[in-house]
Amino acid sequence: MKKALALLTGAAMMVSLLAGCGAASTSSTASSQAASEPASTASSEQSTNYDDVTPDITLSLSHQAAASHSINQTAEEFARLVKEKSEGKIQVDVYPSATLGTETENLQALTNGTLDVAVIAAEFYANYVDEAGTLCLPFMYDSYDDAYAKLHSEAGDTIKDMILEKTNVRVLDWYVLAFRQIFTVDKPINSISDLSGMIIRIPDSNTYKTTFSQLGAAPTAVAWGETYTALDTGLVSAVENTPESIMSASMQEVCQYVNETNHILGPTTISISDAVYQKLTAEQQAIIDEAAKEACEYGLNLTKDGSDANFAALTDAGLTKVETDVDSLKSAIDYSAYACAQSDKGKQILASLGK
């Protein structure tokens with residue numbers, strides 16, 4: 001409970017923090033750095049240390065995950081790669097745990113050019129670009145490699161362009177996270193009938209709302225930093241996310257069941273404000289692009305390597321694993337009901353993804 005209240009307090013500080021975040025320059029993150037120290041960037045014994053080099057540019061990178069999460073490891077790897085490739089001339093300061101605001105707020109700040117870089121999940125882009133929801137549809141991917149291939153296909157590139165046009169945010173690359181499961185406080189989910197009327201926390205996403213409405217649940221958008229308290233107080237009875245995210249937020253303390261549904265693999269991104277990106281030279285842009293690509297490949301390997309271990313950690317923590325009848329869930333999904341399937345472009349993208 002104390003942990004959750006601390007996160008709530010941090011979220012309340014968002015307005016003043018975002019007012020101090022800047023664009024790409026040596027002073028762009030001065031105000032936000034004054035408010036809190038960034039997580040240290042990852043190091044590598046194989047790379048040269050450029051700590052004695054004064055950077056020409058300092059960028060702030062925000063994300064929601066805890067410092068121990070693989071998302072933070074990937075963000076720090078991106079920062080390390082940028083530093084190495086620029087020989088210390090570009091520095092990226094990483095701010096985990098929603099220090100600079102919620103994901104919704106981060107995306108708005110990227111759009112406005114008041115935040116430099118952030119890890120933004122595809123489902124948040126679907127609120128601006130309906131077609132981005134195709135990447136978050138339930139039961140879209142068969143495996144992690146299948147997800148990586150589809151995200152880096154023509155469909156993924158098309159959605160990147162649409163996001164840039166609508167939001168002024170540039171998706172540098174797609175990052176494959178783990179399959180999501182449903183975690184319940186006091187009731188196992190053996191089949192779809194057990195979801196009927198269940199109040200489940202979802203991210204602020206129309207795609208997730210449509211999915212869980214079709215499954216018969218009562219989806220409720222709650223900020224990630226407020227979810228522990230929502231579960232603990234009974235505001236919601238369930239949450240869906242990856243095993244690692246649940247453990248890193250200590251939600252295994254207030255849940256009894258991990259229901260193996262693999263219902264969604266929601267990809268995320270390393271994204272940059274295009275206003276910031278356009279201030280960079282062509283050489284600097286190439287460094288940022290290459291570092292993002294390599295960092296997302298690094299993140300994919302973390303996802304693969306940690307999948308079984310993170311699931312085992314949940315059962316070791318006392319959660320009961322339930323093998324849900326996934327076919328009963330799949331039978332309730334109507335892809336034509338999603339906003340992303342209403343436009344001709346969305347239909348074309350879905351067809352190219354095999355749906």
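Source: prediction; values computed, not measured. (Residues numbered from 1 in each chain as written. Predicted model: local features only at pLDDT ≥ 70, side-chain atom pairs only at ≥ 80, totals over all residues. Heavy atoms only, no water.)

A. Molecular detail of the sheet that holds strand E1 (residues 57-62). Taken together, the five strands give an open sheet; going across it, the order is E2-E1-E3-E10-E4, and neighbouring strands pair in mixed fashion. Whereas interior strands pair on both sides, the edge strands pair on one side only; in this sheet they are strand E2 (90-95) and strand E4 (169-175). Across the sheet, the axes of successive neighbouring strands diverge by a mean angle of 30°, strand direction being ignored. For strand E3 (residues 117-121) and strand E10 (residues 268-273), the ladder comprises five bridges, and the chain directions are antiparallel. If you follow Ala121 over to E10, its bridge partner there is Thr268. Packed onto the sheet, helix H5 (residues 103-112) meets E1, E3, E4 and E10 and runs at close to 130° relative to E3. Lying over the sheet, helix H13 (residues 282-316) contacts E1, E2, E4 and E10, oriented at roughly 35° with respect to E4. (Pairing = 2+ DSSP bridges. Helix = DSSP H or I, 4+ residues; strand = E, 2+ residues; numbered from the N terminus. Axes fitted to C-alpha atoms, helices over the stretch in contact; angles between N-to-C directions. Contact = heavy atoms within 4.5 Å.)

B. Region of interest: the environment of Lys304. Inspection of the secondary structure assignment puts Lys304 in helix H13. For the pair Lys304 and Asp145, spaced 159 residues apart in sequence, the C-alpha separation works out to 9.2 Å. Residues in contact with Lys304, not counting those within four places in the same chain, are Tyr144 and Asp145.

C. Structural detail: unusual backbone geometry. Phi at Glu87 takes a positive value of approximately 55°, unusual for a residue other than glycine. You can see Glu87 is positioned in the loop between helix H4 (70-85) and E2. Look at Asn168: it is not a glycine, yet its phi comes out positive at around 65°. Here Asn168 shows up in the loop between helix H8 (154-167) and E4.

D. Structural view of the pairing of strand E7 (residues 218-221). As judged from the four bridges shared by strand E6 (residues 199-202) and E7, these two strands associate in the parallel manner. Its bridge partner being in E7, Arg201 is matched across the sheet by Thr220.

E. Structural context of the sheet that holds strand E8 (residues 238-241). Taken together, six strands build an open sheet; the order of strands is E7-E6-E8-E5-E9-E11 and the sheet is mixed. The open sheet terminates on both sides in strands that have one partner only, identified here as E7 and strand E11 (320-323). Sheet twist, expressed as the mean angle between neighbouring strand axes with direction ignored, is 30°. Each of strand E5 (181-184), E6, E7 and E8 touches helix H9 (residues 206-214); the most contacted strand, E6, lies at about 160° to it.

F. Highlighting the packing of aromatic side chains. On inspection of all chains with the given rule, the structure shows two aromatic pairs. Residues Tyr144 and Phe179 carry aromatic rings whose centres are separated by 5.2 Å and whose planes lie at 40° to one another, so their mutual orientation is tilted. Note that Tyr144 is positioned in helix H7 (residues 144-151) and Phe179 in the loop between E4 and E5, a separation of 35 residues in sequence. The interplanar angle of 35° and the centroid separation of 6.5 Å between the aromatic rings of Tyr335 and Tyr338 together place this pair among those described as tilted. (Phe/Tyr/Trp six-rings, centres within 6.5 Å; stacked < 30°, edge-to-face > 60°.)

G. Summary view of the pattern of salt bridges. By the definition in use, this model includes eleven salt bridges. Measuring nitrogen to oxygen at the nearest pair gives 2.9 Å for the salt bridge that ties Lys85 to Glu294. Here the residue Lys85 occupies a position in helix H4, and Glu294 occupies one in helix H13, the gap between them amounting to 209 residues. A relative accessible area of 26% means that Lys85 is categorised as partly exposed. Glu294 gets classed as partly exposed once you look at its relative accessible area, which sits at 34%. Between Glu260 and Lys321 there is a salt bridge, with its nearest N and O atoms 3.5 Å apart. Here Glu260 is found in strand E9 (residues 257-260), whereas its partner Lys321 is found in strand E11, with 61 residues between them in sequence. A relative accessible area of 23% means that Glu260 is categorised as partly exposed. (Salt bridge = Lys/Arg side-chain N within 4 Å of Asp/Glu carboxyl O. Buried < 20%, exposed > 50% of the residue type's maximum accessible area, 1.4 Å probe, protein only.)

H. Structural view of helix H15 (residues 344-352). Those residues of H15 lying buried are Gly346, Ile349 and Leu350. In an axial view of H15, the angular spread of the buried residues amounts to 100°, which keeps them on one side of the axis. Opposite the buried face of H15, by more than 90 degrees, sit the exposed residues Asp344, Ala351 and Ser352. On its buried side, H15 packs onto H8. Following H15 by one or two positions, Gly354 adopts a phi angle in the positive range, close to 85°. (Arc of directions from axis to C-beta.)

I. How the structure looks around the side chain of Thr227. When you line up the elements, Thr227 lands in helix H10 (residues 227-233). Note on Thr227: relative accessible area 0%, which makes it buried. For Thr227, the residues in contact, after removing those within four places along its chain, are Arg201, Val222, Val239 and Met251.

J. Inspection of the confidence of the model for the chain at higher detail. Per-residue confidence for the chain averages 89 on the pLDDT scale, and 87% of its residues sit at or above 70. Below a pLDDT of 50 lies the segment residues 1-36, which in the model reaches 71 contacts outside its immediate sequence neighbourhood of four places, other chains included. Scored below 50 in pLDDT, residues 40-46 makes ten contacts in the model with residues more than four places away or belonging to other chains. (pLDDT = per-residue confidence, 0-100.)

K. Spatial organisation of the pairing of E6. Read as a crossover between parallel neighbours, the route from E6 over H9 to E7 is right-handed. Bridging between E6 and E8 involves two bridges; their strand directions are parallel. For Arg201, the partnering residue across the bridge sits in E8 and is Val239. (Right-handed = clockwise from strand over helix to strand, strands pointing away.)

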